[in-house]
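Per-entry structural report
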Amino acid sequence: MADIYDKFSDKLPGRILEDIKAKEKLEKLTTVELTKVLERVSDEFEKSKVVPGEAVGLVTAESFGESGTQMTLDVFHFAGVSELQVTSGLPRLIELFDARKIPKTPEMEVQILSKYAKDEKMIRKVASKLKELTLQDISTEFSLNLMKGNIEVKLDLTKVKDFGFTLDEIEKTLKEKLKKVNVRKLTYGFVFEAPEGVFELTELHKVKEKVKEVVVRGIAGITQVLPVKVGSKTIVKCAGSNVKDVLAMEEVDSKNVTSNNLFEILDSLGIEAARQTLINEGLSIIEGQGLDVDVRHMLLLADLMTNTGTLKGITRGGIAGEKGSVLARASFETPIPHIINASISGEVDELKSVIENVMVNQPVPMGTGLPNLVFGVEKKTKELKTEDKKENKEKIKK
Amino acid sequence: MVDIFLDEKFIGSVEDANKFVSDIRTSRRNGDIPNTLNLHYDEGSDEIIVETNKGRVRRPLIIVENGVSKLTEDHIKRLKDGEFNWDELVKTGIIEYIDAGEEEDCYVALTEEELTTEHTHLEVSPITILGLCTSLIPYSNFGSSSRLIRGSKIQKQSLGMYSTNFMNRLDTDSNVLHYPQKPIVKTFMHDILNYENTPSGQNFTIAVMSYEGYNMEDAVIINKGSIDRGLARSTYYKPYKLEELRYSGGLRDEVGIPDKETKGYKSEKDYRHLETDGIAYTEAKLNSDDVVIGRSSPPRFLSGLEEFSVAANIRRESSSYLGEGASGTVDMTYLTESNAGNRLIKTRLRQQRIPEIGDKFASRHGQKGVIGMLYPQEDMPFTESGITPDIIFSPHSLPGRMTISHVIEILAGKLGALDGTYIDAASFDTPSEDDLRARLLELGFRENGTETMYNGLSGQRFKVKIFIGNIYYLRLKHMAANKLHTRAAGRVQLLTRQPVEGRAMGGGLRLGEMEKDCLVAHGASLLLKERFDSDKTIFHVCEDCGMIAVYDNYRHTAHCPRCGASAKVSPIELSYAFKLLLDEIKSLGISPSINLEDKF
């Protein structure tokens, strides 16, 4: 049996062979039957391969473009939780393909290690460790003393108690995070003073804003938490994202942390993780709209956006601005600067891609326009010599 | 203290805002203050805003005091007897006009039954929350709002009698329906608007079913027999006008059959309908390219000397003639004078428009569609009593759009047609659907409006009962005859040498950006090239400098004016638009060059 598989090892990829091997044992196929199966499969495999000259990029663009027309333009709100809203559909897809630095609604899903999620109380504790809590959230009043040049903060003592703080703890974190300001504890709050004694008037306001935003507990950026049980796993859904700090927490299962902020993933986990996130996000948006786009389109797009080691959007500043042809770039956006810059460096357009050839009315080097037939006329011999002049060296990028 | 602003200007302040506002209102109702004044107290900004400006939208409401409407039965009786009129209602403080600002202070009841002591006003009728066109839609409270909006828009496009003196008018592109009917299912707004004297639709017998597939995707099938009997037939009027213009130097246009020497003389055949005065005779049947009014103009741009030359005396042809695909009968000619005092000729053409495939029809519920097929009466499905529908409407148009009003109108229309009554279907206060059903049952029909029907082609009985009834249908002004267009070759633009745009010009049919993408995706590279060949041109390019060379059409030689006769010049095929792009780049001060190279 094994030698039959060997025969097909160069025709079919290993994974398909593995699949057939697994099925074959169940079906109890004979040698003849197995050969037939393998022949049929390799025929089908051959047929489903992309042929040279196929406009894969354009078909990808069409696949997303067509389904894009059917997507909603709304932002959905979760029932019951008014603050937890999600950008979905077309706005999110555009955000993703443009590779925006910060998504409109950053989100994270954090899995908690099971030893920290034994009961509801423990889970709630971890969740509250994730959620950012600023000084503003637990205080009632910020007052500026212009004469003394300091800031006085009155804490909401019942809230402080509810969150399980002591004033000493808060003082410690404040001192850690505000290095340039002196912190003095009172019975009902804190006084913030300049190291030299008196703040300048303009500085006073700046410091006040800074003091308000000091995170006394939790992770900066995470504004909402919602713990959910998925099977045996405990997952905390978070509005807001901060991958780096979440990964550092000991309660978190660092292998199961996801974020929709591509650039945070890129910074902390690298380009491959960013690529995978891009694919997952893209597919989930399309699925969420009840549409169906083949994975391979998403794969192609993700590869295109990440193959340089950084994330690049399909924008003027990203992929589309890096096309090899002057005419192609000029036809996308802002034609005049492109033409002027090209003339400064004396650029030559080789007319190798689609748009340029449409412009000069020549056959586009795709499909039937790709192969050329060359034969010697003078010799008048019947020897015809075919030659694929342009191999599909470069996939057409769009 | 509360500040008062009169027309956005501060005029003073008062202690008790609510008392002030109610005092002003009382004196307005008493007629001491003009009733065009509106005011309200904005609690948010704590100020009183008084408006007397023009341009505010206001609507009438019945005043309510202590939960009792000020409009009594006695008033209504006197109104009916003509002792009283609307203006007096307003003057005596029974009805007042409220603007958007004052509305914030009001609590308006929709019907008299729901009045409580808290209410300040009562709607004159619930239907006043709708506009004029929307209130003409029957059972509109059963339809979704987006469909009502579409329904209103559609009614504005329907053919009917747009004006009773249409015979004497010369509107551009007007249509008149031949046998307009009163709607069986109507609202009282039809009476108020005098709709029934100039209606704009007909009562069709409608079957809701799919038949042979020609009514999918919003298309409708229409009975050819009904059309032959005059259903939805209309006349299309189009005037052609021409002015005898005067130019400097005593030159002027001449209306008449142009001389054969005239520049641009069409052909004798094209002028055959013109009488000696140069205007086509009444009842002349014209087709495309035929001249309606003949005219010749003096030559343009005459300089002093040329005035005496022979060539200068040749006049230009400038007649008014029918465009591509147009035809019609001369209906009437007006001879008059333009504002500038020139002789003005207007000739109106008339054309009977019999419904054909592609003409647009709609019900009043935003359910529009074009004719997909005309079936002869014998091929239409028929009921047990031998009734064939005028129109077959697809059931797939209903669930997604939720136009329940459309369905109820069919049922009500059926009842009205059988009963010989008009059905009142005004919004919010209509007799219930159960009532319609009961009356239909009384007449011996199935209460849900369905009937057993037979296939007109095979004679077989349909396995399901078909919903059949009557509905008021509108013929819309979008007709296939005005839009049909094809082109193989024709005029091109001067600048780009690409085909001109638009039907009137005999323009090309554009293969757009996304259509181009489809061809590329299929790899049909050479087909794509052929489709974009419309402006292809052969240029000679200098191989030394890469600039476009000069071609001598007499000697059939080309040379590069920049590099001299020695430079090699080769012909290449390019789109003219690309040459234009190169020229525009040159105008930026950039010199683009074409480097030629053997293709193989």
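The structure presented is a predicted model; accordingly, all values stated were derived computationally and were not measured.

1. Focus: a positive patch on the surface
- On the surface, R150(B), K153(B), K156(B) and K368(B) cluster together into a positively charged patch.
- It is helix α5 (residues 145-156) of chain B that contributes the most residues to the positive patch, three residues altogether.

2. Some points on the sheet that holds strand β19 (residues 316-317) of chain B
Residues and elements named next belong to chain B.
- On the basis of which strands lie adjacent, the open sheet formed by three strands has the order β15-β18-β19 and antiparallel pairing. Of all the strands in the sheet, the pair left with one neighbour each is β15 (254-255) and β19.
- The sheet contact formed by β15 and strand β18 (residues 295-297) spans two bridges and is antiparallel. Each residue of the ladder has a partner; that of V255, found in β18, is R295.

3. Overview of the packing of helix α12 (residues 271-288) of chain A against helix α13 (residues 295-306) of chain A
Residues and elements named next belong to chain A.
- The interhelical angle for the contact between α12 and α13, taken along N-to-C directions, is 145°, at an axis separation of 9 Å. Judged by the twist between their axes, the crossing of α12 over α13 is right-handed. Of the residues in α13, those in contact with I271, R275, L278, I279, G282 and L283 of α12 are V295, M298, L299, A302, D303, M305 and T306.
- Along the lines of polarity and charge, the residues of the contact of α12 with α13 split into nine nonpolar, two polar and two charged.

4. Digging into unusual backbone geometry
- With phi around 60°, N361(A) is a residue other than glycine that occupies positive phi space.
- Residue placement: N361(A) occurs in the loop between α16 (354-359) and β13 (372-374).
- Judged by its relative accessible area of 2%, N361(A) falls in the buried class.
- Look at N66(B): it is not a glycine, yet its phi comes out positive at around 50°.
- Along the polypeptide, N66(B) turns up in the loop between β5 (58-65) and β6 (68-69).
- Note on N66(B): relative accessible area 67%, which makes it exposed.

5. Re the pattern of salt bridges
All names here are of chain B.
- Applying the stated criterion across every chain yields a total of 56 salt bridges over all chains.
- The closest approach of N and O atoms between D81 and K77, which form a salt bridge, is 3.9 Å. Taken together, the positions of D81 and K77, both in helix α2 (residues 73-81) and four residues apart, correspond to about one turn of that helix.
- Assessed through its relative accessible area of 53%, K77 is described here as exposed.
- The closest approach of N and O atoms between K260 and E268, which form a salt bridge, is 2.6 Å.

6. Considerations on the interface of chain B and chain A
- Each partner contributes to the interface: chain B provides 26 residues, whereas chain A provides 27 residues.
- Surface buried jointly by chain B and chain A totals about 2,200 Å² across both partners, of which 66% is contributed by carbon and sulfur atoms.
- Our count for the chain B to chain A interface comes out at zero salt bridges.
- One can count six residue pairs in polar contact (both at pLDDT 80 or more) joining chain B with chain A.
- Where the side of chain B that touches chain A is concerned, the elements lending two or more residues are α10 (513-521), α11 (525-531), β34 (569-575) and α12 (576-587) of chain B.
- If you tally residues by element for the side of chain B that touches chain A, the top one is α10(B), at six residues.
- In the side of chain B that touches chain A, the residues fall into 15 nonpolar, four polar and seven charged.

7. Quick notes on the packing of aromatic side chains
- Scanning the entire structure with this criterion turns up twelve aromatic pairs over all chains.
- Aromatic side chains F64(A) and F97(A) sit 5.1 Å apart centroid to centroid with 80° between the ring planes, which places their arrangement in the edge-to-face category. Of this pair, F64(A) sits in helix α4 (residues 56-68) while F97(A) sits in helix α5 (residues 89-97), and the two are 33 residues apart along the sequence. Each member of the pair, F64(A) together with F97(A), is buried.
- Seen in terms of ring centroids, Y211(B) and Y375(B) are 5.7 Å apart; in terms of plane orientation they differ by 75°. Their pairing is edge-to-face. Placement of Y211(B) in the loop between β12 (202-208) and β13 (220-223) and of Y375(B) in strand β24 (residues 368-375) is noted, with a sequence separation of 164 residues between them. As far as burial versus exposure is concerned, Y211(B) and Y375(B) are alike and both buried.
- Members of the aromatic cluster, each reached through a chain of ring pairs, are Y211(B), Y214(B), Y375(B) and F462(B).
- A cation sits over an aromatic face here: K266(B) above Y321(B), 3.5 Å from the ring centre.

8. Topic: the domain arrangement of chain B
Residues and elements named next belong to chain B.
- Entries for chain B in the domain assignment read domain 1 (2-129), domain 2 (136-160 + 180-232 + 360-475), domain 3 (235-353) and domain 4 (536-587).
- Contact residues are listed per partner, giving four residues for domain 1 and six residues for domain 2.
- For the pair domain 1 and domain 2, the summed buried area comes to about 390 Å², and 87% of that belongs to carbon and sulfur atoms.
- On the domain 1 side of the contact with domain 2, P126, I127 and I129 bury the most area, a combined 85% of that side's loss.

9. Details of the environment of E251(A)
Residue and element names in this part refer to chain A.
- With respect to the secondary-structure elements, E251 resides in the loop between α10 (243-247) and β12 (252-259).
- Between the C-alpha atom of E251 and that of Q111, which follows or precedes it by 140 residues, the distance is 8.9 Å.
- Discounting chain neighbours no more than four positions away, the residues touching E251 are I112, L113, Y116, V126 and K129.
- In terms of polar contacts, E251 uses its side chain to reach the side chain of K129, at 2.8 Å.

10. Considerations on the confidence of the model for chain A
- Residues of chain A with pLDDT of at least 70 account for 90%, and the chain-wide mean is 83.
- Within the model, the stretch residues 381-398 of chain A combines pLDDT values under 50 with 18 contacts to residues more than four positions away or in other chains.

11. Focus: the packing of helix α2 (residues 14-27) of chain A against helix α3 (residues 31-48) of chain A
All names here are of chain A.
- Where α2 meets α3, the axes come as close as 12 Å, and the angle between the chain directions of the two elements is 150°. With respect to each other, α2 and α3 are oriented roughly antiparallel. Seen along the crossing, α2 lies across α3 with a hand that is right-handed. On the side of α2, the interface is formed by I16, L17, I20 and E24, while α3 contributes L34, V37, L38, V41 and F45.

Scoring rules and cut-offs
Residues numbered from 1 in each chain as written. Chains lettered and ligands numbered in written order. Predicted model: local features only at pLDDT ≥ 70, side-chain atom pairs only at ≥ 80, totals over all residues. Heavy atoms only, no water. Patch = residues over 30% accessible without salt bridge, like charges linked within 9 Å, V, L, I, M, F, W, Y side chains within 5 Å. Areas by Shrake-Rupley, 256 points an atom, 1.4 Å probe, with all protein chains shown as cover. Salt bridge = Lys/Arg side-chain N within 4 Å of Asp/Glu carboxyl O. Lys, Arg positive; Asp, Glu negative; His and termini not counted. Charge placed at Lys NZ, Arg CZ, Asp CG, Glu CD. Helix = DSSP H or I, 4+ residues; strand = E, 2+ residues; numbered from the N terminus. Pairing = 2+ DSSP bridges. Axes fitted to C-alpha atoms, helices over the stretch in contact; angles between N-to-C directions. Left-handed = near helix turned anticlockwise from the far one by under 90°. Contact = heavy atoms within 4.5 Å. Nonpolar A, V, L, I, M, F, W, Y, C, P; charged D, E, K, R; others polar. Buried < 20%, exposed > 50% of the residue type's maximum accessible area, 1.4 Å probe, protein only. Buried area = accessible area lost by both parts, 1.4 Å probe. Polar contact = N/O pair within 3.5 Å; in protein donor to acceptor, adjacent residues only side chain to side chain. Phe/Tyr/Trp six-rings, centres within 6.5 Å; stacked < 30°, edge-to-face > 60°. Lys NZ or Arg CZ within 6 Å of the ring centre and 35° of its normal. Domains from an automatic or database assignment. pLDDT = per-residue confidence, 0-100. Parallel < 35°, antiparallel > 145°, perpendicular 65-115°, else oblique.

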